[in-house]
Amino acid sequence: MTATGKCLIAVPTLNEAKHIARLLEQLLVEAKAMDWPVVVIDGGSTDGTQAIVESFIARDEPVRLAHNPKRIQSAAMNQAVTEFGDGMDYVIRIDAHGDYPADYCRVLVEEAQKIGADSVVVPMTTVGQNTFQRAVATAQNSLVGTGGSAHRTGKGGAFVDHGHHALMSIPAYRAVGGYDETFRHNEDAELDHRLRLAGYRIWLTDATEMTYYPRSTPSGLFKQYFGYGRGRARNVLKHRVIPRIRQVLPLAILPAVVLAALSFVHWIALIPLLAWCALCLAMGFVATRKHFADYGLPMTGAPLVGIAAMIMHFAWSSGFWLHLAQAVTTGFGAKRA
């Protein structure tokens, strides 16, 4: 099947000078062949990202640059569809921190048309370059870091509730109002919830995938997953949805850490925390052994995989509970950013 229709390729950026030139070169081969425009929506980069994009425009490449004063990804995508979506059938969201197959966009459009899906989401394979990043990648590609999320474990070829955003029908996107710009994290899951409520279908493809490069420092990883936890709490409050089991389990981590502070009263208070640490380390060992050939992380790095998972779990749990506590104390609930 050959992809037909018009597709807008949207790339939100903020300080992506290290990645944007390579990414645009990658995208333009396909974009020029299909006569599809590429728009970079920049949130005010200060590292030269905009100048690099402008150099492509000066070469008369089919690249456009838009300025996103709100800086966040949800606003960037809404702006792209508002300013450049007229006459287009689909929008494809490209993450500047990713790598993509040469036929990525065409396959997504073909899948949408073949399956009759309103949104096509993709599996993610996480790859690390330095030692800590490889440990994070190993955790995120295995049960210890994802809880079995379908788009993280490559279980494609099915309709799903949520996945990593790739292609969306512009009529469906506009019909539900696009992304909620009060969400800085978890905006994709929030939009997927509204798409499904409106009767639109989300297809997790097994015909293509993307490669993602995770945070390369413990502090960066903590900040990212803290935001994810806050975003999930906002989603729960806004839509009154019950989290899945794989999301409920990490909620116990912050209480376990707090309980451990009472170990001076009785040592038994340490048991939940120690059990969690032991489980993460054990699962990290299993994940390292399974993915040794993929990431080249030696077995001596297995404890680091467990530690990366602990950072993710603790940050997610902390972000979730903090947002709930703020919602209760302020009374603003889901309206609070």
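Details of the structure are given in the entry above.
Residues numbered from 1 in each chain as written. Predicted model: local features only at pLDDT ≥ 70, side-chain atom pairs only at ≥ 80, totals over all residues. Heavy atoms only, no water.

### What about the sheet that holds strand E6 (residues 119–122)?
Right, so step 1: Pairing is mixed across the open sheet formed by eight strands, whose spatial order is E3-E2-E1-E4-E9-E6-E10-E8. Each edge of the sheet is formed by a strand with only one pairing partner; in this case those strands are strand E3 (63–67) and strand E8 (158–159).
Right, so step 2: Where strand E1 (residues 7–13) and strand E2 (residues 38–42) come together, five bridges link them in parallel fashion. By the bridge assignment, Val 11 is partnered in E2 with Val 40. (Pairing = 2+ DSSP bridges. Helix = DSSP H or I, 4+ residues; strand = E, 2+ residues; numbered from the N terminus.)

### What about the packing of helix H10 (residues 218–239) against helix H15 (residues 302–330)?
Right, so step 1: Where H10 meets H15, the closest approach of the two axes is 7 Å, and the angle between their N-to-C directions is 40°. Taken together, H10 and H15 sit at an angle that is classed as oblique. H10 and H15 meet at a crossing whose hand is right-handed.
Right, so step 2: Split into classes, the residues belonging to the contact of H10 with H15 amount to 19 nonpolar, five polar and three charged. (Axes fitted to C-alpha atoms, helices over the stretch in contact; angles between N-to-C directions. Parallel < 35°, antiparallel > 145°, perpendicular 65-115°, else oblique. Left-handed = near helix turned anticlockwise from the far one by under 90°. Nonpolar A, V, L, I, M, F, W, Y, C, P; charged D, E, K, R; others polar.)

### Here's the deal with the environment of His 164
Right, so step 1: Locating His 164 in the fold gives a position in strand E9 (residues 164–169).
Right, so step 2: On the accessibility criterion, His 164 (9% relative accessible area) is buried.
Right, so step 3: A polar atom in the side chain of His 164 sits 2.7 Å from the side chain of Asp 95. (Buried < 20%, exposed > 50% of the residue type's maximum accessible area, 1.4 Å probe, protein only. Polar contact = N/O pair within 3.5 Å; in protein donor to acceptor, adjacent residues only side chain to side chain.)

### Some words on the pattern of salt bridges
Right, so step 1: Counted under the stated rule, the structure contains 15 salt bridges.
Right, so step 2: Between Arg 174 and Asp 86 there is a salt bridge, and its shortest N-O distance comes to 2.8 Å. Note that Arg 174 is positioned in helix H8 (residues 170–175) and Asp 86 in the loop between helix H3 (73–84) and strand E4 (90–93), a separation of 88 residues in sequence.
Right, so step 3: You can call Asp 86 exposed: its relative accessible area is 59%.
Right, so step 4: In this structure, the salt-bridge partner of Glu 111 is Lys 114, at a minimum N-O distance of 3.1 Å. (Salt bridge = Lys/Arg side-chain N within 4 Å of Asp/Glu carboxyl O.)

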